[in-house]
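Spelled out from the first residue to the last, the chains are:
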Amino acid sequence: MPTYETIATEVSGGVMTITLNRPDRLNAFSSGMTQALIAAFDAADADDAVRAVIVTGAGRAFCAGVDLDRSDAFTTAKVDPKATDPAIWSDPGNRDIGGLLTLRIFQCLKPVIAAVNGPAVGVGATMQLAMDFRLASETAKFGFVFARRGIVPEASSSWFLPRIVGISQALEWTMTGRVFGAEEALAGRLVRSLHAPDDLLPAARALAEEIATSAAPVSVALTRQMLWRGLGLDHPMAAHQVESWAIAARSASGDAAEGVASFLEKRPARFPDRVSADMPGFFPWWSEPEWA
């Protein structure tokens, strides 16, 4: 595995654990951390030994938000806020770094689990929304605090958050900008489960290992993209089409033969197909939108 300045990575038992690693700064987010996290997800997708990914924080925080000590903390873009020229707004330099990260996580072919060990504020909260499951320590806190800083939600959270918690809850948390505790996050369906601090990573790892040891990696990769991208479809016929392609391709695969054989023989499956080499020919079935 490569080494990074702002994160740490470890692969064990089919699970990559990514740790945000600026504990002296409560794992404050920066452009360097964005680049490191994107590189780590690239490495996870390229490594067939990685079957699932856990993201957590070092020390007492998950991520306290963007590093406000930087003058360009929110964006490096320098624009006249009243400009009307479309070319000014379509400049790629305007892209927010949190969105670059969440879009990469959205594209990931491995399941992603957030183990929220402490405060998760601003981009520390929004980066989790593209992850598949969020488990939290009982001491965790969350905050979509953007309006209180004079800005707006970022990291594609205006797309993700309402789909996870519903529009009214999303509006309440983003309009008030308040910081709230783990119990409210659970009640609002932002997180899957709460755990004692020492039990958080073991619980996240148990979920990751259940997927890693029980499910066919290519099927997991396809399922992740089918469900996430299905949120934007305008008719169930579009889902039926993709599912039909996937069922046809997977039914003809070595994985399907092994899945049936292992079931009948009452033994663990040993799926032969690999994400790096055995994705079906129709994949990807979408065209990635261009910026602006």
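Because the structure is a prediction, the values reported are computed rather than measured. (Residues numbered from 1 in each chain as written. Predicted model: local features only at pLDDT ≥ 70, side-chain atom pairs only at ≥ 80, totals over all residues. Heavy atoms only, no water.)

Novice: Talk me through the environment of A216; I want residue IDs and the actual numbers.
Specialist: On the secondary structure map, A216 appears in the loop between helix 8 (200-214) and helix 9 (217-230). Taking the C-alpha atoms as reference points, A216 and V275, separated by 59 residues in sequence, lie 9.5 Å from one another. Residues in contact with A216, not counting those within four places in the same chain, are R250, D255 and F271. (Helix = DSSP H or I, 4+ residues; strand = E, 2+ residues; numbered from the N terminus. Contact = heavy atoms within 4.5 Å.)

Novice: Any details on the sheet that holds strand 7 (residues 141-143)? Residues and values, ideally.
Specialist: Read from one edge to the other, the open sheet built from three strands follows the order 5-7-8, with strand pairing classed as mixed. At either end of the open sheet lies a strand with only one pairing partner, and these are strand 5 (120-121) and strand 8 (179-181). The pairing of strand 7 with strand 8 spans three bridges and is antiparallel. Across the sheet, the residue bridging to G143 is V179, located in strand 8. (Pairing = 2+ DSSP bridges.)

Novice: For unusual backbone geometry, give the residues involved together with the corresponding values.
Specialist: With glycine set apart, most residues show a phi of negative sign, and most peptide bonds adopt trans. Residue P284 follows F283 across a cis peptide bond; omega there is -5 degrees. Following the sequence through the fold, P284 ends up in the segment after helix 11 (254-264). Residues other than glycine seldom take positive phi values, yet N27 does so here, at roughly 60 degrees. Positionally, N27 belongs in the loop between strand 2 (15-20) and helix 1 (31-46). On the basis of relative accessibility, which here comes to 0%, the residue N27 falls in the buried class. At S156, a position not held by glycine, the phi torsion is positive, near 60 degrees. With respect to the helices, strands and loops of the structure, S156 is situated in the loop between strand 7 and helix 5 (157-165). Residue S156 is classed as partly exposed on the basis of its relative accessible area of 26%. (Buried < 20%, exposed > 50% of the residue type's maximum accessible area, 1.4 Å probe, protein only.)

Novice: Tell me about the sheet that holds strand 9 (residues 193-195), and name the residues and values.
Specialist: The sheet built from six strands is open, its strands ordered 1-2-3-4-6-9 with mixed pairing. Each end of this open sheet is capped by a strand with a single partner; those strands are strand 1 (7-12) and strand 9. Averaged over all adjacent pairs, the angle separating strand axes in this sheet is 20 degrees, with direction ignored. (Axes fitted to C-alpha atoms, helices over the stretch in contact; angles between N-to-C directions.)

Novice: Break down helix 10 (residues 236-251) for me, with residues and values.
Specialist: Its 16 residues give helix 10 an end-to-end C-alpha distance of 22 Å, which sits within 8% of 22 Å, the value for a rise of 1.5 Å per residue. By the burial criterion, the buried members of helix 10 are V242, A246 and R250. What you see down the axis of helix 10 is that its buried residues fit within an arc of 65 degrees, all on one side. Along helix 10, exposed side chains directed more than 90 degrees from the buried face belong to M237, I247, A248 and S251. In this structure, the buried side of helix 10 is in contact with helix 9 and helix 11. (Expected span 1.5 Å × (residues − 1). Arc of directions from axis to C-beta.)

Novice: Tell me what's going on with the environment of N94, and back it up with residues and numbers.
Specialist: Note on placement: N94 falls in the loop between helix 2 (86-89) and helix 3 (97-106). A residue is classified by how much of its surface remains accessible, and N94, at 19% relative accessible area, is buried. Along the sequence, N94 and K78 sit 16 residues apart, while their C-alpha atoms lie 8.1 Å from each other.

Novice: So what about the packing of aromatic side chains? Which residues, and what values?
Specialist: Tallied over the entire structure, the rule returns 14 aromatic pairs. On the basis of an interplanar angle of 70 degrees and a centroid distance of 6.0 Å, the ring pair of F283 and W285 is categorised as edge-to-face. On the numbers, 5.4 Å between centres and 85 degrees between planes, the contact of F283 with W286 is edge-to-face. Here a set of aromatic residues connected by ring pairs shows up, and it is made of W245, F282, F283, W285 and W286. Looking at R229, its charged tip hangs above the ring of W286, at a distance of 3.6 Å from the centre. (Phe/Tyr/Trp six-rings, centres within 6.5 Å; stacked < 30°, edge-to-face > 60°. Lys NZ or Arg CZ within 6 Å of the ring centre and 35° of its normal.)

Novice: Lay out the nonpolar core in plain terms, naming residues and giving numbers.
Specialist: Residues F142 and L190 are the most contacted members of the largest nonpolar core, which totals 49 residues. Looking at this core element by element, the count peaks at six residues for helix 1. Ignoring sequence-local partners within four residues, the contact set of F142 consists of V116, A120, Q128, A136, R178, V179, F180, G181, A182, A185, L190 and V191. Grouped together as the second largest cluster of nonpolar side chains are eleven residues, V15, I54, I113 and A204 included. (Core = buried A, V, L, I, M, F, W, Y, C linked by side-chain atoms within 4.5 Å.)

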